[in-house]
Amino acid sequence: MEEILKLENLRKTFKISRKQQRINRTSDTVKVAVDNLSFTAYRGEIFGLLGPNGAGKTTTLRMLATLIKPDGGNAYISGHSIISEEAEVRKNIGFLTSELKLEDFFTPNYLFDFFSELYDMEKSVRDARKRELFTKFGIDRFAEVKLANLSTGMKQKVSLVISIVHDPEFIIFDEPTNGLDVLTAKVVTDFLEELKAQGKTIILSTHIFSLVEKLCDRVGIIVDGRLIALDTLENITKENSLENTFFDLYDKTCGEKL
Amino acid sequence: MRNVWTIIKKEFSRFFKDKRMVFTVILPGLMIFLVYSLMGTVMENVGKTDEDYKFTAYVTEMPENLAAAFGNGFELKEYSDAEAAKADVEAGNLDLAIFFPENFGQTLSGDVKIFYNSSKDNSNNGFITVSGLLNSLINPPFTINAADGVKFDLAGEKEWTGKMLATFMPMLMFALLASGCVAVAPEAIAGEKERGTMATMLITPIKRWQLALGKILSLACFALLSGLSSFIGVILSLPKLMGGAIDGEVATFYSAGDYFMVLGLIISVVLVIISAFSIMSTFAKSVKEAGTLISPIMIIVILLGVFAMFGSSTSTWLYVIPLMGSGLAMSAIMTFTITPLAFVLAIASNFVLAALLITAISFMFKSEKIMFNR
Ligand SMILES: Nc1ncnc2c1ncn2[C@@H]1O[C@H](COP(=O)(O)OP(=O)(O)OP(=O)(O)O)[C@@H](O)[C@H]1O
Ligand SMILES: [Mg+2]
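Here's what I pulled together on the structure shown here.

## Here we look at the overall build of chain B
1) Next: What chain B contains, in helices and strands, is 14 helices and five strands.
2) Next: Scored against the burial criterion, the 374 residues of chain B give a buried share of 47%.
3) Next: Surface accessibility of chain B: about 18500 Å² in total, with carbon and sulfur atoms responsible for 66%.

## Points about the overall build of chain A
1) Next: The helix and strand inventory of chain A stands at ten helices and ten strands.
2) Next: For 258 residues, the compact-globule formula gives about 18 Å, and the C-alpha radius of gyration of chain A, at 19 Å, lands near that figure.
3) Next: Overall, the C-alpha framework of chain A stretches about 55 × 45 × 35 Å when taken along its three principal axes.
4) Next: Here chain A holds 258 residues, and the buried ones make up 52% of them.
5) Next: Long-range contacts, defined as pairs at least 24 residues apart, comprise 67% of the intrachain contacts of chain A with a sequence gap of at least 6.
6) Next: For chain A, the exposed area adds up to about 12500 Å²; of that, 48% sits on carbon and sulfur atoms.
7) Next: Side chains of chain A carry 35 positive and 39 negative charges; the gap between the two charge centres is 5 Å.

## Some details on the sheet that holds strand β4 (residues 72-77) of chain A
Residue and element names in this part refer to chain A.
1) Next: Sheet architecture is open: four strands sit in the order β2-β1-β4-β5, paired in antiparallel fashion. Of all the strands in the sheet, the pair left with one neighbour each is β2 (30-42) and β5 (80-81).
2) Next: Against the sheet, helix α2 (residues 57-64) contacts β1 (3-15), β2 and β4, and its axis sits at roughly 120° relative to β1.

## Remarks on the site of ligand 1
All names here are of chain A.
1) Next: Around ligand 1, the surrounding shell consists of Phe14, Lys31, Ala33, Pro52, Asn53, Gly54, Ala55, Gly56, Lys57, Thr58, Thr59 and Glu175.
2) Next: At a separation of 2.9 Å, an oxygen atom of ligand 1 approaches a polar side-chain atom of Asn53.
3) Next: In this structure, Thr58 approaches ligand 1 through a side-chain N or O atom, which is 2.6 Å from an oxygen atom.
4) Next: Protein chains bury 63% of the 630 Å² of accessible surface belonging to ligand 1 in isolation.
5) Next: Mapped by element, the contributors of at least two residues to the shell around ligand 1 are β2 and α2.
6) Next: Ranked by the residues each element gives to the shell around ligand 1, the list is headed by α2, at three residues.
7) Next: Tallied by class, the residues present in the shell around ligand 1 amount to four nonpolar, five polar and three charged.

## Notes on the pattern of salt bridges
Note on pairing: side chains with opposite charge can pair once their charged atoms come close.
1) Next: Summed over the entire model, instances satisfying the criterion amount to 26 salt bridges over all chains.
2) Next: As a salt-bridge pair, Arg226 of chain A and Asp35 of chain A come within 3.0 Å of each other at their nearest N and O atoms. Here Arg226 of chain A, found in strand β10 (residues 226-232), pairs with Asp35 of chain A, found in strand β2; they are 191 residues apart in sequence, far enough to count as distant.
3) Next: Among the residues examined, Asp35 of chain A registers a relative accessible area of 15% and is labelled buried.
4) Next: Lys215 of chain B is paired through a salt bridge with Glu192 of chain B; the nearest N and O atoms lie 2.8 Å apart. Of this pair, Lys215 of chain B sits in helix α9 (residues 208-241) while Glu192 of chain B sits in helix α7 (residues 157-195); the two residues are 23 residues apart in sequence, bridging distant segments of the chain.

## What about the packing of helix α4 (residues 108-118) of chain A against helix α6 (residues 152-163) of chain A?
Residue and element names in this part refer to chain A.
1) Next: Between α4 and α6, the least distance of the axes is 10 Å, while the angle of their chain directions is 20°. The angle between the axes of α4 and α6 places the two elements in the roughly parallel class. Considering the relative orientation of α4 and α6, their crossing is right-handed. The segment α4 lies against α6, with Pro108, Leu111, Phe112 and Phe115 engaging Val158, Val161 and Ile162.
2) Next: Looking at the contact of α4 with α6 residue by residue, the class counts come to seven nonpolar, no polar and no charged.

## Some details on the side chain of Thr40 of chain A
Residues and elements named next belong to chain A.
1) Next: Along the chain, Thr40 falls in strand β2.
2) Next: The buried category is assigned to Thr40, whose relative accessible area is 13%.
3) Next: Not counting residues up to four positions away in its chain, the partners in contact with Thr40 are Glu3, Leu5, Lys6, Glu45, Phe47 and Arg218.

## A word on the pairing of strand β6 (residues 93-96) of chain A
All names here are of chain A.
1) Next: Here β6 shows two buried faces, one formed by Ile93 and Phe95 and the other by Gly94 and Leu96.
2) Next: Examined bridge by bridge, β6 and strand β7 (residues 170-174) share four bridges and lie parallel to one another. Bridged to Leu96 within β7 is Phe173.

## Description of α4 of chain A
1) Next: Of all eleven residues that make up α4 of chain A, eight are buried, and the element is covered over most of its length.
2) Next: Considered for burial, the residues of α4 of chain A that qualify are Pro108, Asn109, Leu111, Phe112, Asp113, Phe115, Ser116 and Leu118 of chain A.
3) Next: Buried residues along α4 of chain A sit in contact with α5 (123-137) and α6 of chain A together with α8 (197-202) of chain B.
4) Next: One or two steps after α4 of chain A, the chain reaches Asp120 of chain A, where phi turns positive at roughly 60°.

## Concerning the interface of chain B and chain A
1) Next: With 17 residues of chain B in contact, the opposing surface of chain A contributes 20 residues.
2) Next: Sorting the residues of chain B by area buried against chain A places Ile203, Pro205 and Glu368 of chain B first, and these three jointly supply 38% of that buried surface.
3) Next: Where chain B meets chain A, there are two salt bridges.
4) Next: Its salt-bridge partner being Lys12 of chain A, residue Glu368 of chain B comes within 2.6 Å of it at the nearest N-O pair.

The rules behind each value
- Residues numbered from 1 in each chain as written.
- Chains lettered and ligands numbered in written order.
- Predicted model: local features only at pLDDT ≥ 70, side-chain atom pairs only at ≥ 80, totals over all residues.
- Heavy atoms only, no water.
- Helix = DSSP H or I, 4+ residues; strand = E, 2+ residues; numbered from the N terminus.
- Buried < 20%, exposed > 50% of the residue type's maximum accessible area, 1.4 Å probe, protein only.
- Areas by Shrake-Rupley, 256 points an atom, 1.4 Å probe, with all protein chains shown as cover.
- Rg over C-alpha atoms; globule rule 2.2 N^0.38 Å.
- Contact = heavy atoms within 4.5 Å.
- Lys, Arg positive; Asp, Glu negative; His and termini not counted.
- Charge placed at Lys NZ, Arg CZ, Asp CG, Glu CD.
- Pairing = 2+ DSSP bridges.
- Axes fitted to C-alpha atoms, helices over the stretch in contact; angles between N-to-C directions.
- Near = heavy atom within 4 Å.
- Polar contact = N/O pair within 3.5 Å; in protein donor to acceptor, adjacent residues only side chain to side chain.
- Nonpolar A, V, L, I, M, F, W, Y, C, P; charged D, E, K, R; others polar.
- Salt bridge = Lys/Arg side-chain N within 4 Å of Asp/Glu carboxyl O.
- Parallel < 35°, antiparallel > 145°, perpendicular 65-115°, else oblique.
- Left-handed = near helix turned anticlockwise from the far one by under 90°.
- Buried area = accessible area lost by both parts, 1.4 Å probe.

As far as function goes, none of this settles anything; it's purely spatial.
Okay, structure coming up:
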């Protein structure tokens, strides 16, 4: 199995205010959002990063996408360091998260062309790809409508398509089905499986257990910035449902009965 | 009443707990203090005649009892006749041509004729000095330049108009360009940051300097367009504004080369202003904050224009100061006194500063603290 993503003691802290320090009853001036995270993802798999709110999922993915820099450790995507080879990493990844917005003023058609230019794509390749993706997601009927006038679901589909204009080998999806109805969510999850079938590697963050059970080959469970479990879905759900396994692990690591 | 109090408390904590907001309130005052102090220091050297400068003058019928008073500050020149002296005043080679009435030393009355050239600083200052000197030494009944129908100010129409344009063109250029820039800079960077569309571009392979340069160049064009439209408005209203003192003929005073220099100056100035504003816009968390952060810089820019109103400088090193050099160069172009070196210095200093600022913006684009501060 070819390693395509490798995290080595990845760590990220954020400064916290004096008042918050008092509440936390600590003299620590920082909050550790991601705490020495290490794991590996292999080519062609869907890796699920499962964790509750505030676990550090988004922060981890933002580091992988080179938006923010880690305070410690490193991560490699297709062998390129996210710290020292940002340019190479950016070429090879697609990143979808709610934080990345598209200009409301433009149409899906314009935005697709704009981003494909930034990724230095050939015009013929771009047009073929645009036709294919727009048709698949039903964007073709809205290709010349300003984003501002699209529904939330359609906007999310456009964001998804734009995040993979350049046909990246490694795809990072942060809560890809958040805020979508079951129909649209199904379109998205079907597409993820299709990408997997094409041999792409996907890392997916979510707090939805069913999504992990449905899609993922391997799962990392993350709580408070730390990895508390890492295994194939099969192994993790061998004795118990994913949900119950999660609660058991949570009890054990956090020492509090839920 | 309690609710009002609750709102006031919230507003106050929003304001005073945000260090940046407090900073933006203090900043304009601080800037004005710095700029005025700077202006005060530098202004002493500009638009004024040097302390030990000797006014050149042609004098007829100099009364002996006044000769001593004229002794130090003046260098008297000989001319074959009055007309030759006046011609030299007009050409700017001689500061003053002074004609005392006969027996002025005894009578202390009559009309003293002083010919000068208001388009030349030294001649103009010389006229003021001599008038002041006479008025302080002797009590009227004498008069200065009372004769009807004589043109004592020998400045040509061209020079005079140039001098007048020189007083307000730099200021006008800075004000119009800055207002053009302020209209576009906050939205283009702080706006994109605020709306989260900047981050979407930052994860693509585009280099930070490419993003910065692309933004600055297009913003500069918008600012130029907006500046141009206001400029045309000003030009069209100028004849009315000046009560017919300036008319269409003015345009013919300047050569194509002059126009090209003005254009070059404007382009380089707009690049500096838009880059400086863009730094603030990058630093700001929101469009609104960008507006607040830009205003002190706007004040500086306009003050530099005011500064250039006080005349073109004789010392070339002042042209090396970005923006200020352009104001002075603009003045100098208007008065037909620009030298190639001064022009090149003025324009080059702008391009260098703009390049530095754009580099700074590229680095700011790389900083997660600046790009993702909320
Ligand atoms: N810019 C920031 N400044 C300070 N703290 C931050 C910042 N970004 C994230 N955090 C903190 O880091 C922790 C992890 O946040 P993160 O957004 O990664 O969680 P998450 O797992 O994505 O949660 P969710 O499921 O709610 O999206 C949280 O406690 C959050 O408050
Ligand atoms: Mg999140």
